[in-house]
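# Per-entry structural report
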Amino acid sequence: MNNYNKGKAKYILASVMLALFISQTIGNTVNFPIINQFYKILTSTTIQSAPQKDFRGLIYRSELLFDTIPKNGLDSTKIEDTLISQAIDTFQFNASKDSLQAPVTYKADDSMVFDIPSKKILLYGKKSNVKFADNELSAPGIEFDQKSNLITAFLKRDTAGKVISFPSFNQGELKTVSDTIAFNMKTGRGLTKGTYTKQDEMYVYADKIKKTDSTSFFAFKARFTTCNLDTPHFAFVSKKIKFISKKFAVTGPVHPEFEGVPVPIILPFGLYPISQGRHSGMLAPSFNSNEQFGLSLSGIGYYKVINDNWDVTTRGTIFSYGGYSFNVSPRYYKRYHKQGNLSFDFQHFKTNFKGDPDFSVNNSFNIRWSHMLDTKSRPGVSFSANVNAGSSKFNSQVPNNPNRNFSNQLNSSIAYAKVWKDKPFNISINANHSQNTNLKIINLTLPDVSFNLNTLYPFRRQEVIGNYNWYENIGVALNSNIKSLTYFSDDTSVSKINMGKQIFNNLQWGGTHSVPISLSLPQIGALQISPSISYSEKWYQQKFVRSWNNTTNKVDTTINKNFYSSRDMSFGIGMSSRIFGSYTFRKNSAVKAIRHEIRPSISANYKPDMNGKYFYTTQLDTVGRVGRFNVFDNSLFGGFGEGKFGGLSFSIDNNIQMKVRNRNDTAVDAVKKVNLIDGLNLGGSYNFLADSFQLSVFNIGARSNLFDKISITAGGTLDPYEVDSRGDRLNRLVWKNKIATLGRFVGGNISVSSQFQGGDKNKKKNTNTQGIGQPYNPNTGMPLDEYQTEAAYINNNPAEFADFSIPWSFNFSYSLRFQRDRKADYSGFYTNIYQDMNWSSTLSLTPKWQLGINGFYNITQKEIGTMSVSIAREMHCWQMALNVSPIGRYRFFNITISPKSGLLRDIKVNRTRYFYDL
């Protein structure tokens, strides 16, 4: 036997004796380095990187480290052979019956004591730690009793009696901080004292907690709350509680307390769902009051999970005056395929009392459907639906919702589109619905088919060598649209039998086709030249003819239905460019430079008169005034223009920017750009071939965002010709009498909006959305998507979403619109002017109190639409909101005090009253 084998045998014998001694003394339940080394020597004679072990496993694999081999017993040749070819030995043995199911890993920051006679290990240190399977214990003092498999942890205090560190225990979803912890590693059970833990949004404190398994535990003399303070503002107190992780909590007799003061309201038991995700259950109602319908129990219902892809919400409201409403809202979702929701609402309301002369019973309904097809399911195909239709009276009868009451428009759209892969064409099919609830007129557009052929270059070579010839850039495209439209009234005075006749009699259809021919030429210096040819054709269902009736002295109309068509062509060449100019100020000036960009464009166009035969002149009144009309008036696509056009079209757009010193940047040459005018444009045309009115109207527009604060948008139409006393145009330019003018304003609009706020502009806004709840309107039970839900809830309850980090804010918007319209009897024109203003503002009175004012004012009618005042109080884990609308047609007030947590959103104090001016 050589020196290497002799040294190895001696080392193995000594290790076996030492391992047997430790095993008899302490047992094999603790993972000691010496025993591990003993296993390593027995199972390998190779040099490897890291041990692999199965604690109970019956098969051990390890390694022989360098420091276990005698230096004089190993030469370089053997090392090289061992590295190339490794041999691993295995052996089996029977594990002890009292051994654990997994290894125990432990460490002590300060010191470790082995009490061999009593088979105990004591760990000391602020962050002493023991890990066993999915159990982890950290504490300043830990004791392990090998006889009973019991681990005990305790807190540590300093000389003044202040706690330095608490024991903490984690197992699965359970995380606790306690005064004392006792845990049996073999049974998995434990007992803690003075324990804090958290279950979802719920904070729990108990004198004692008994843990029975990884998912459930019992609490004795416990309180639970959603307030995260050590001494919570409110809590529910019960002597006995059972928690099942991520499912629910069950209590015996329970009562609330505020600021440690018990409230004499005792419930015999409590059931608190703390599960995450979807689960079926009852939906809590709320109590409201309405002047028109009486007291109500609103929103009581049930939520049902049908399967992984479907669920349904059912809600109902009962009113004390005899009315009721209900809602059924199924919802579906299939990942990477489709998603959507459907809602059906029905209302049955009684106005006044039976026996009164104005007593009436009204039934109304509303249907909403939202659908979206995921493009991943069918590449190249898209399908979406957004339907909102129903009775015209529905919105006006929605209780306690001024926003719905003021809305008089319902719109729907269903769209299907397909794009063929590697093909130059695509198709889209649409259906649209619009409804005016005041006029009770419903318009349907079904179907609306569009077919488009992308630009083709018929003269291009299949194999290109070098550049294209000029004629190879000639492109041809096709755009076609065919649709039908009808309308009917849902007025109760019209019988249901006549509704079908209305749809058939009012049906219109038509089509339009356009074939643009273009030529792309290379840029010539600063100019871009683009010639074009366009051919258009329209299909009509009818001719609409006006004629003067000398007997009745009025204009009669005649409709002739058949298939008609008209065509039009135009030829043109356009030229555009961009011009830049700048002015630099002196070096020390705060304004560094001003940059002006001009984008002019001009085009020469020619259009032959291919549609003059469709125009006619008709007398309009007894004076003998006449009007010029097209036989295709009142058609879906309208008629083409009359007469030849040979002239110029022009437009010019401007952009002005300014460079100023950036005071927020410490760099010497730091500047920032400020847009003074984002756009200022003017456009028009001149027809050289027309015998009168050669100059067209001018369209002007302007837009700017001054200093990134004030947004201004304006537009208008100017007529360069004078008019007579009745408003009819005269072939005389206004510049003959007024030189400094562009023409008469015949229509325009301007809107101004801005927002200001105090505080830190870079601080992220605090948005509280915990109280929103399920996606339905709390007043109607109507399901909404995520954005609409949040917007509707914030709009109705602004005080509940107050941002106390903003000391003040002010937002406003103003709009002005005016236009000239011809009178119904053709006797002249009149001007319609519309003005309105919206504003909202907040003011933080203290760090915990905030005042808000929102309003809408119709300047034209001199009427306040809505105005509300809100007061919010921040109460840490609770919130108080007061909203009052004292003036306007719809007046209301409500006060709400509720927890912020979504888990307890139905535990609230709410008082709401609404008043109407009918």
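Structural notes, computed from the coordinates. (Residues numbered from 1 in each chain as written. Predicted model: local features only at pLDDT ≥ 70, side-chain atom pairs only at ≥ 80, totals over all residues. Heavy atoms only, no water.)

## A word on the overall build of the protein
In terms of regular secondary structure, the protein is built from six helices and 53 strands. Every one of the 918 residues in the protein was classed for burial, and the buried ones make up 36%. Residue pairs in contact within the protein that sit at least 24 positions apart in sequence constitute 50% of those at least 6 positions apart. (Helix = DSSP H or I, 4+ residues; strand = E, 2+ residues; numbered from the N terminus. Buried < 20%, exposed > 50% of the residue type's maximum accessible area, 1.4 Å probe, protein only. Contact = heavy atoms within 4.5 Å.)

## Some thoughts on the packing of aromatic side chains
For the structure on display, the rule yields 32 aromatic pairs. Between phenylalanine 293 and phenylalanine 319 the ring centres are 5.6 Å apart and the planes differ by 55°, which places this aromatic pair in the tilted class. With a gap of 26 residues between them, phenylalanine 293 in the loop between strand S22 (286-290) and strand S23 (294-305) and phenylalanine 319 in strand S24 (residues 310-319) connect regions that are remote in the sequence. Phenylalanine 293 sits in the buried class, given a relative accessible area of 3%. For phenylalanine 319, a relative accessible area of 6% translates into the label buried. Residues tyrosine 324 and phenylalanine 346 carry aromatic rings whose centres are separated by 6.5 Å and whose planes lie at 40° to one another, so their mutual orientation is tilted. Of this pair, tyrosine 324 sits in strand S25 (residues 324-334) while phenylalanine 346 sits in strand S26 (residues 338-351), and the two are 22 residues apart along the sequence. Assessed through its relative accessible area of 35%, tyrosine 324 is described here as partly exposed. An aromatic cluster of at least three residues, connected via ring pairs, comprises Phe224, Phe234, Phe236, Phe258 and Trp878. Positioned above the aromatic ring of tyrosine 468, the side-chain terminus of arginine 460 is 4.2 Å from the ring centre. (Phe/Tyr/Trp six-rings, centres within 6.5 Å; stacked < 30°, edge-to-face > 60°. Lys NZ or Arg CZ within 6 Å of the ring centre and 35° of its normal.)

## What about the pattern of salt bridges?
What the rule picks out here adds up to 16 salt bridges. Here arginine 331 ties to aspartate 311 by a salt bridge, and the two come within 3.0 Å at their closest N and O atoms. Placement of the pair is arginine 331 in strand S25 and aspartate 311 in strand S24, with a sequence separation of 20 residues. Taking the relative accessible area as the measure of exposure, aspartate 311 reaches 3% and is therefore buried. (Salt bridge = Lys/Arg side-chain N within 4 Å of Asp/Glu carboxyl O.)

## Digging into a positive patch on the surface
On the surface, Lys193, Lys208, Lys221, Lys239 and Lys240 cluster together to form a positively charged patch. For lysine 208, the location among the structural elements is in strand S14 (residues 202-211). On the basis of relative accessibility, which here comes to 40%, the residue lysine 208 falls in the partly exposed class. (Patch = residues over 30% accessible without salt bridge, like charges linked within 9 Å, V, L, I, M, F, W, Y side chains within 5 Å. Areas by Shrake-Rupley, 256 points an atom, 1.4 Å probe, with all protein chains shown as cover. Lys, Arg positive; Asp, Glu negative; His and termini not counted. Charge placed at Lys NZ, Arg CZ, Asp CG, Glu CD.)

## Here we look at the pairing of strand S6 (residues 135-145)
Each regular strand carries side chains that alternate between the two faces of the sheet. The element S6 is largely enclosed, with a buried count of eight among its 11 residues. Relative to S6, strand S5 (residues 120-132) runs antiparallel, the two being bridged by 10 bridges. In the strand pairing of S6, isoleucine 121 is matched with phenylalanine 144. Here S5 hands over to S6 after two residues, with alanine 133 in that stretch at a positive phi of 55°. As judged from the four bridges shared by S6 and strand S10 (residues 168-171), these two strands associate in the antiparallel manner. By the bridge assignment, serine 138 is partnered in S10 with serine 168. (Pairing = 2+ DSSP bridges.)

## Focus: the environment of proline 268
Relative to the assigned elements, proline 268 resides in the loop between strand S19 (261-262) and strand S20 (270-273). Look at proline 268 and you get exposed, because its relative accessible area is 60%. Ignoring anything within four residues of it in the chain, the contact list for proline 268 reads Gly252 and Pro253.

## What to know about the side chain of aspartate 345
Residue position: aspartate 345 is located in strand S26. Buried within the structure, aspartate 345 lacks any salt-bridge partner; arginine 368 is the closest side chain of opposite charge, at an N-O distance of 6.7 Å. There is a polar contact of 3.2 Å between the side chain of aspartate 345 and the side chain of serine 343. (Polar contact = N/O pair within 3.5 Å; in protein donor to acceptor, adjacent residues only side chain to side chain.)

## Observations concerning the pairing of strand S47 (residues 808-822)
Pairing of strand S46 (residues 744-757) with S47, which is carried by 11 bridges, proceeds in the antiparallel orientation. Paired with glutamine 755 across the two strands is asparagine 811, which belongs to S47.

## As for the environment of phenylalanine 394
Along the chain, phenylalanine 394 falls in the loop between strand S28 (381-390) and helix H4 (402-406). As a C-alpha pair, phenylalanine 394 and asparagine 362 span 32 residues in sequence and 9.6 Å in three-dimensional space.

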